[in-house]
Amino acid sequence: SKKIIIVGGVGGGATVAAQIRRTNKTAEILVLERNGYVSFANCGMPYYLGGTITDRQKLIYPEEKFAQKYDLTVQTHANVTKINREQKSVVYEKYKTEHKADYDILILSPGASPVLPDIAGLQQSNTFPLRTIEDMDNIEQFIQSNNPQSAAIIGGGFIGLEMAESLCHRGFSCSLVDRSEHVLKRIDKEMAIHIDEHLQEKGIALYVNDGLKSFSDNGTTLHLSSDKTIQADMTIMAIGIKPNTELAIDAGLEIGETGGIKVNQYMQTTDPTIFALGDAVEVTDFITREPAHIALAWPAHRQAFIISSFLSGNPISDDGIIGSSILRVFDLTVAATGQNKQTLIDNEIAFEETIMKGYSHAAYYPGSKELWMQIVYDKNTGQLFGGSVIGFDGADKRMAVLATAIKGKLTVADLASLELGYSPIYSGAKDPLNILGYKAMEQLED
Ligand code: FAD
């Protein structure tokens with residue numbers, strides 16, 4: 001039977017293992033994971049630290065159960081240090097002992113690592129990244145033993161914002177520092193402004209256009225580029241991630257211009273017996289067809305399906321990623337899909353933009369709340385390139401419809417003609433998305 005080795009046992013690795021087992025009952029599957037946990041719910045970690053998820057076990061899939069359910073071998077604390085492509089084997093280290101394992105097919109899902117800048121005065125005892133269960137446990141342990149009252153979060157991306165919300169929920173006084181003009185680079189400025197405002201309303205001390213320069217006082221005073229200082233008992237470092245490509249580089253596999261492992265439409269690296277997926281790979285953007293690096297759970301799961309389809313002899317090719325994303329920031333839902341203005345400008349693609357404020361449902365029915373929406377689309381054909389939706393209610397649904405429309409290559413006229421279902425509790429007789437479509441059609445006629 002075929003020997004399949006998977007490096008990395010979480011988002012992409014665990015999923016591809018399970019997916020392959022569905023169609024291949026005989027392959028010998030070995031999952032090698034350098035940390036202590038496989039198939040854990042990384043996306044839930046901020047909510048455990050915030051106290052909403054109270055049972056740590058709910059985030060963790062026991063190793064033995066996982067191995068048994070999918071009839072495979074799991075090795076945790078197994079750090080893969082080398083790929084021998086000629087011999088088709090990998091070397092891994094477990095508790096300081098070196099092991100070798102042979103493969104017919106090798107699948108790399110090593111993820112990415114948080115960027116931890118070399119900042120003067122940084123104390124590892126109170127400055128933490130959040131990527132693994134071990135990181136989460138370190139933070140929780142620090143909180144339990146030191147009873148900190150204040151936290152600084154460096155980086156206003158997804159993880160930074162989720163941690164700001166979570167720690168605030170737990171009673172911390174929080175400062176958030178971002179070097180850009182506004183939080184969430186994914187969202188254009190005109191829309192992101194609503195997030196910044198909301199963060200301030202919720203009592204977060206927000207420092208934008210600013211960066212962390214150094215720490216003093218045992219890591220509890222943070223000095224910013226603007227010369228402002230922040231006092232914080234603990235700091236969460238969430239300034240970004242870097243794909244884990246050392247193994248691939250060492251093995252001579254090609255790395256793309258975005259820094260991710262280069263793969264074809266079947267997730268095959270430049271060695272046809274080695275596949276790669278997840279945060280470590282470079283993907284193709286669905287709209288621009290340009291290389292992109294999109295570190296989200298959906299692509300990892302889709303890529304797992306693409307690999308298992310290929311291995312089972314029914315190849316389905318990847319048609320590009322649009323990068324739909326969603327997160328909650330206190331009472332707001334912030335959702336985006338496809339391109340934004342900035343990425344279109346960077347790619348020199350001509351576009352038109354329509355932006356409006358609507359309401360989640362009929363204004364006369366209680367609970368109706370503002371809903372800010374933006375779309376960007378082809379200046380000539382009206383084909384949708386992307387959009388973002390921010391609001392207190394119903395933002396998730398509007399973004400999901402936009403994502404579907406982008407994938408279906410629909411135009412703004414199509415958006416106006418979608419029948420999305422109406423009752424005053426859920427929408428208007430014209431859904432806000434229909435109105436957005438009509439507005440965009442008018443703009444194109446001008
Ligand atoms: P991972 O899931 O990180 O798995 C990679 C694994 O490979 C790691 O466990 C690592 O230890 C192991 N590894 C690396 N190198 C080696 C080696 N040499 N030998 C052995 N093992 C190795 N995405 C969303 O879409 N929505 C969300 O809400 C969301 N929330 C998130 C919240 C947090 C706090 C984090 C950290 C991520 C979140 N993500 C979210 C991102 C999502 O979790 C990732 O995109 C997804 O897990 C990627 O899967 P992966 O397999 O590439 O990487």
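Reading guide: rules and limits
Residues numbered from 1 in each chain as written. Predicted model: local features only at pLDDT ≥ 70, side-chain atom pairs only at ≥ 80, totals over all residues. Helix = DSSP H or I, 4+ residues; strand = E, 2+ residues; numbered from the N terminus. Rg over C-alpha atoms; globule rule 2.2 N^0.38 Å. Buried ≥ 20, exposed ≤ 12 C-beta atoms within 10 Å, placed from the backbone. Contact = placed C-beta atoms within 7 Å. Expected span 1.5 Å × (residues − 1). UniProt positions renumbered as here; feature names shortened; annotations may be inferred. Pairing = 2+ DSSP bridges. Axes fitted to C-alpha atoms, helices over the stretch in contact; angles between N-to-C directions. Near = placed C-beta within 6 Å. Nonpolar A, V, L, I, M, F, W, Y, C, P; charged D, E, K, R; others polar. pLDDT = per-residue confidence, 0-100. Core = buried A, V, L, I, M, F, W, Y, C linked by C-beta atoms within 7 Å. Right-handed = clockwise from strand over helix to strand, strands pointing away.

*Asks:* Pulling in residues and values, what's your account of the overall build of the protein chain?
*Replies:* Within the protein chain, the regular secondary structure consists of twelve helices and 25 strands. In terms of overall size, the protein chain behaves like a compact globule, its C-alpha atoms giving a radius of gyration of 23 Å where 446 residues would be expected to give roughly 22 Å. In terms of overall dimensions, the protein chain has a C-alpha envelope of 65 × 60 × 40 Å along the principal axes. Burial analysis of the protein chain (446 residues in total) assigns 44% to the buried set. Residue pairs in contact within the protein chain that sit at least 24 positions apart in sequence constitute 63% of those at least 6 positions apart.

*Asks:* I'd like a description of helix H5 (residues 158–169), backed by residues and values.
*Replies:* In a regular helix each residue adds 1.5 Å, so twelve residues correspond to 16 Å; H5 covers 17 Å between its end C-alpha atoms and thus fits that length. The buried fraction of H5 amounts to eleven of the twelve residues, a majority that puts the element mostly inside the structure. Lining the buried residues of H5 we find helix H2 (45–49), strand E10 (150–154), strand E11 (173–177), strand E16 (234–237) and strand E21 (325–329). Once H5 ends, the next one or two residues include glycine 171, with phi positive near 100°.

*Asks:* Mind laying out the UniProt feature "domain: Pyridine nucleotide-disulphide oxidoreductase dimerisation" (unreviewed entry) in the protein chain, listing which residues take part and the relevant values?
*Replies:* Annotation from UniProt places "domain: Pyridine nucleotide-disulphide oxidoreductase dimerisation" (unreviewed entry) at residues 329–427. Secondary structure across residues 329–427 comprises 25% helix and 34% strand; the distance between its end C-alpha atoms is 23 Å.

*Asks:* Can you lay out the sheet that holds E21 for me, pointing to particular residues and giving the numbers?
*Replies:* The sheet built from five strands is open, its strands ordered E21-E22-E25-E24-E23 with antiparallel pairing. Edge positions in the open sheet fall to E21 and strand E23 (351–359), since each of these has one partner strand only. The mean inter-strand angle of the sheet, taken between neighbouring strand axes irrespective of direction, is 10°. In terms of strand pairing, strand E22 (residues 332–338) meets strand E25 (residues 384–391) through six bridges, oriented antiparallel. Across the sheet, alanine 335 pairs through a bridge with valine 389, a residue of E25. Here helix H6 (residues 189–201) sits on the sheet and contacts E21, E22, E23, strand E24 (370–378) and E25; the angle it forms with E25, its principal contact strand, is near 20°.

*Asks:* Account for the site of the ligand, with residues named and values stated.
*Replies:* Among the 32 residues in the neighbourhood of the ligand, the closest are listed as Gly8, Gly11, Gly12, Gly111 and Gly278. Every element with two or more residues in the shell around the ligand is listed here: helix H1 (11–23), H2, strand E4 (78–84) and helix H8 (297–311). Counted by class, the shell around the ligand contains 17 nonpolar, eleven polar and four charged residues.

*Asks:* Would you mind going over unusual backbone geometry in detail, with residue names and values included?
*Replies:* Non-glycine residue asparagine 218 carries a positive phi angle of around 55°. Mapped onto the secondary structure, asparagine 218 falls in the loop between strand E13 (212–216) and strand E14 (221–224). Given 10 C-beta atoms within a 10 Å radius, asparagine 218 is considered exposed. For glutamate 348, which is not glycine, the phi torsion reads 55° and is therefore positive. With 7 C-beta atoms packed within 10 Å, glutamate 348 lands in the exposed category.

*Asks:* Explain the UniProt feature "domain: FAD/NAD(P)-binding" (unreviewed entry) in the protein chain residue by residue, including any values.
*Replies:* Taken from the UniProt record, the annotation "domain: FAD/NAD(P)-binding" (unreviewed entry) applies to residues 3–297. With 24% helix and 27% strand, residues 3–297 has its two end C-alpha atoms placed 26 Å apart.

*Asks:* Explain the confidence of the model for the protein chain to me, using residue names and the numbers behind them.
*Replies:* Taken residue by residue, the protein chain gives an average pLDDT of 97. The fraction at 70 or more is 100%. Reported for the predicted complex are a pTM of 0.97 and an ipTM of 0.99.

*Asks:* Which residues make up the nonpolar core, and what values do they have?
*Replies:* Formed by 124 residues in total, the largest nonpolar core has its most connected members in Ile6, Leu108, Ile153, Ala276 and Leu384. No other element matches the seven residues that H5 contributes to this core. With near-sequence residues (within four places) excluded, isoleucine 6 lies in contact with Gly13, Val16, Ala17, Ile29, Val31, Leu32, Ile107 and Ser109.

*Asks:* I'd like a description of the pairing of strand E2 (residues 28–32), backed by residues and values.
*Replies:* Most of E2 sits inside the fold, with four of its five residues counted as buried. Inspection of the sheet shows strand E1 (residues 3–7) paired to E2 by five bridges, in the parallel sense. Along E2, the bridge assignment pairs lysine 3 with glutamate 28. This β-α-β element, E1 to H1 to E2, shows right-handed connectivity. Pairing of E2 with strand E3 (residues 73–75) involves three bridges; the strand directions are parallel. The residue of E3 that forms the bridge with leucine 32 is glutamine 75.

*Asks:* I'd love a proper account of the sheet that holds E14, names of residues and values included.
*Replies:* The strand order across the open sheet formed by three strands is E13-E14-E15, and the pairing between neighbours is antiparallel. Sheet topology places E13 and strand E15 (229–231) at the edges, where each strand pairs with a single neighbour. Recorded for the sheet is a direction-independent mean angle of 25° between the axes of neighbouring strands.

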